[in-house]
Amino acid sequence: MYDASILNGLCIRRESLQGGGMLSYQHSYHAGNHADVLKHIILGDVAAGMFNKDAPIFMLDAFASRGIYDLNSPEALKNRESDSGVGKLWPLRDEPTNPPGVRRWFKLIASLNMDDSYTRFPGSTAMLHAMAREGDRIAACDLHPQEFDTLRVSFQASRRFSLLKRDAFEAIKGMLPPKEKRGLVFLDPSYEVKEEYRAIAKAVAGAHRKFAGGVYVIWYPLLPAERHNELFRELKHSGIRKILRIELDCGDLFPDMQMHGSGMLIVNPPWHAEQAMQQSLNWVCDKLTDGKGRKQFSWLVPE
Ligand SMILES: C[S@@+](CC[C@H](N)C(=O)[O-])C[C@H]1O[C@@H](n2cnc3c(N)ncnc32)[C@H](O)[C@@H]1O
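By the naming in an unreviewed UniProt entry, the protein is Ribosomal RNA large subunit methyltransferase J, taken from Mariprofundus ferrooxydans PV-1. Per UniProt, the protein carries the Catalytic activity (unreviewed entry) text "adenosine(2030) in 23S rRNA + S-adenosyl-L-methionine = N(6)-methyladenosine(2030) in 23S rRNA + S-adenosyl-L-homocysteine + H(+)". The UniProt entry for the protein carries the following comment under Subunit (unreviewed entry): "Monomer."

Right, here's the structure in full:
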C-alpha cells in the first residue's frame, strides 16, 4: 500500500510495514541536498575529533537509510534536490583552500565514483564506514525493508560492522553503554510525525542517563512549522549539559523546497573537532549560499 504526500515539508511515500506500523520516508528523494552536505561533513568532523585517542569507539548510525544513494535514480531526479547541494559544490572539489572536513567528504564521494562524477552519493553509514579504524565497531539500523535491503547490498556485514533491521529507539536503549566505553550515536530520523522531535530528545536523555560520556549527534530540519524548537525545549529540560548547536538557515534561497535549512545538535562535542566544524560550517555557508545563509555555532546548553 502506498501513496505519495508532502508531510512536514519532506517528501514522503507511505508504505505499510509488516506488523502494521507506518514507515514511509525515503531519503533517496532528498539525497545530496543542502542539508545532506552540512550533515555529512559535520558528522565526519565529529568522528575525526574522537580519533585523537587510539582507544576504539562504537558508532551507532541509528537511522541509517541505504548508505549509498544513486543520484540518477527516478526518486533523486524527481525534484533534483542535489543540484543545489553537492551538485553546486562539486566543481570546487580540488580547491586547495577547502577545510579538512570538506576535503574528507569530497574524497569519499570521489572514491565511490570512477568517472569523476558524484552520482553514487555517500550517506551517513558510508561516511562512518570509510572513517572507522581497525578496532572500531559500527552498527547501522534501518527498519524500512527496501532501505535495509539496499544497505545490505552496499556493505558487507562483519563482526565489527552490524547491519540491523531494528528499531532505532530500541537499538539506542539496548546497545548503550558500549563495551568500548567510547561512543558516537547519530540520530537522523525522518521526522515523519511531529511527535518525533520530542521522542528524539527523550531517547537522548534516556541514553545519556546510561552513557553520559557518549557523543550524540542529532540532525534536525528547519521547516516553516519550526518544530525543532520542541526538540530544543525538551533537551534543555533534560538536564544534559554541553550541547552544541550548528545550524545553517538558507532563508529563501531554495524556494522549491520547504526545508529552508538544517542543523545539528552535538552532545559532548569532541574538543578537537570544534575548529574543524566551525571551518566546515563557514565553508558550506559561503559556497552553498554565497554567504547569504544565517549561521549558528553556539551552545544550546553550555558546560
Ligand atoms: C533521514 S533518513 C536517514 C539518512 C541517513 N542517515 C543518511 O544521512 O544517509 C531516515 C531513515 O530512518 C529510517 N527510520 C525511520 N524510523 C525508524 C526507526 N524507528 N527505526 C529505524 N529506522 C527508522 C527511515 O526508513 C529512513 O531510511
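A. Spatial organisation of the overall build of the protein. Across its full length, the protein holds 10 helices and 12 strands. Within the span of the protein, comprising 303 residues, buried residues form 56% of the whole. Long-range contacts, defined here as pairs at least 24 residues apart, represent 74% of the contacts in the protein between residues at least 6 apart. Carbon and sulfur atoms make up 49% of the accessible area of the protein, which amounts to about 13300 Å² in all.

B. View of the site of the ligand. Neighbouring residues of the ligand: 22 residues in total, closest His40, Tyr69, Asp142, Asp167 and Asp188. With respect to the ligand, the side chain of tyrosine 69 contributes an N or O atom lying 2.6 Å from an oxygen atom. At 2.7 Å, a side-chain N or O of aspartate 167 approaches a nitrogen atom of the ligand. Contact with the protein chains removes 97% of the 610 Å² of surface that the ligand exposes when unbound. A class-by-class count of the residues in the shell around the ligand yields 10 nonpolar, six polar and six charged.

C. How the structure looks around the sheet that holds strand β6 (residues 137-141). What the eight strands build is an open sheet, ordered β7-β6-β3-β8-β9-β11-β10-β12; its pairing is mixed. The sheet is open, and its two edges are formed by β7 (161-164) and β12 (294-301), each paired on a single side. Strand after strand, the sheet turns through a mean of 15 degrees between neighbouring axes, direction not considered. Of the strand pairs in this sheet, strand β9 (residues 215-222) and strand β11 (residues 261-267) are connected by seven bridges, and their pairing is antiparallel. Pairing of tryptophan 219 across the sheet is with methionine 264, part of β11. Relative to β9, helix α9 (residues 228-237) is tilted by about 150 degrees, and along the sheet it contacts β9, β10 (243-249), β11 and β12.

D. Representation of the nonpolar core. Grouped together as the largest cluster of nonpolar side chains are 95 residues, with contacts concentrated most on Trp105, Leu231 and Ile266. A total of nine residues in this core trace back to one element, the largest contributor, which is helix α1 (residues 34-50). In contact with leucine 231, other than residues within four places in its own chain, are Tyr191, Tyr197, Ile200, Ala201, Ile218, Tyr220 and Leu265.

E. How the structure looks around the environment of glycine 87. If you trace the backbone, glycine 87 turns up in helix α3 (residues 86-89). Using a relative accessible area of 19% as the deciding quantity, one classes glycine 87 as buried. Separated by 128 residues in the primary sequence, glycine 87 and valine 215 have C-alpha atoms spaced 30 Å apart. Once you skip the residues sitting within four places of it in the chain, glycine 87 turns out to touch Ser82 and Tyr118.

F. Quick peek at the UniProt feature "site: Interaction with substrate rRNA" (unreviewed entry) in the protein. The UniProt record annotates "site: Interaction with substrate rRNA" (unreviewed entry) at Tyr25. Relative to the elements of secondary structure, tyrosine 25 occurs in the loop between β2 (10-15) and α1. For tyrosine 25, the side chain forms a polar contact with the side chain of histidine 27, separated by 2.6 Å.

G. Geometry of the UniProt feature "active site" (unreviewed entry) in the protein. In this numbering, the UniProt entry assigns the feature "active site" (unreviewed entry) to Asp188. In this fold, aspartate 188 is placed in the loop between β8 (183-187) and α8 (196-210). Judged by its relative accessible area of 13%, aspartate 188 falls in the buried class.

H. Molecular detail of the packing of α1 against helix α10 (residues 274-289). In contact at an axis separation of 9 Å, α1 and α10 are set at 160 degrees when each is read in the N-to-C sense. On the basis of the axis angle, α1 is roughly antiparallel to α10. In this structure, α1 crosses over α10, and the sense of that crossing is right-handed. In this structure, α1 uses His34, Val37, Leu38, Ile41, Ile42, Asp45 and Val46 to contact α10, whose residues at the interface are Ala276, Met277, Ser280, Leu281, Val284 and Leu288. Residue composition of the contact of α1 with α10, by class: 10 nonpolar, two polar and one charged.

I. Structural context of the confidence of the model for the protein. Taken residue by residue, the protein gives an average pLDDT of 93. The fraction at 70 or more is 93%. Taken together, the stretch residues 1-22 has pLDDT below 50 and engages in 57 contacts with residues farther than four places along the chain or on a different chain.

J. Molecular detail of α10. With 16 residues, α10 should cover 22 Å at 1.5 Å per step; its first-to-last C-alpha distance of 22 Å lies within 8% of that length. Turning to α10, its buried residues number three or more, namely Ala276, Met277, Ser280, Leu281, Trp283, Val284, Cys285, Leu288 and Thr289. The secondary structure elements touched by the buried residues of α10 are α1, α3, α4 (100-112), β10, β11 and β12. A positive backbone phi angle near 50 degrees is found at aspartate 290, which sits one or two residues after α10.

Reading the values: the criteria
- Residues numbered from 1 in each chain as written.
- Predicted model: local features only at pLDDT ≥ 70, side-chain atom pairs only at ≥ 80, totals over all residues.
- Heavy atoms only, no water.
- UniProt positions renumbered as here; feature names shortened; annotations may be inferred.
- Helix = DSSP H or I, 4+ residues; strand = E, 2+ residues; numbered from the N terminus.
- Buried < 20%, exposed > 50% of the residue type's maximum accessible area, 1.4 Å probe, protein only.
- Contact = heavy atoms within 4.5 Å.
- Areas by Shrake-Rupley, 256 points an atom, 1.4 Å probe, with all protein chains shown as cover.
- Near = heavy atom within 4 Å.
- Polar contact = N/O pair within 3.5 Å; in protein donor to acceptor, adjacent residues only side chain to side chain.
- Nonpolar A, V, L, I, M, F, W, Y, C, P; charged D, E, K, R; others polar.
- Pairing = 2+ DSSP bridges.
- Axes fitted to C-alpha atoms, helices over the stretch in contact; angles between N-to-C directions.
- Core = buried A, V, L, I, M, F, W, Y, C linked by side-chain atoms within 4.5 Å.
- Parallel < 35°, antiparallel > 145°, perpendicular 65-115°, else oblique.
- Left-handed = near helix turned anticlockwise from the far one by under 90°.
- pLDDT = per-residue confidence, 0-100.
- Expected span 1.5 Å × (residues − 1).

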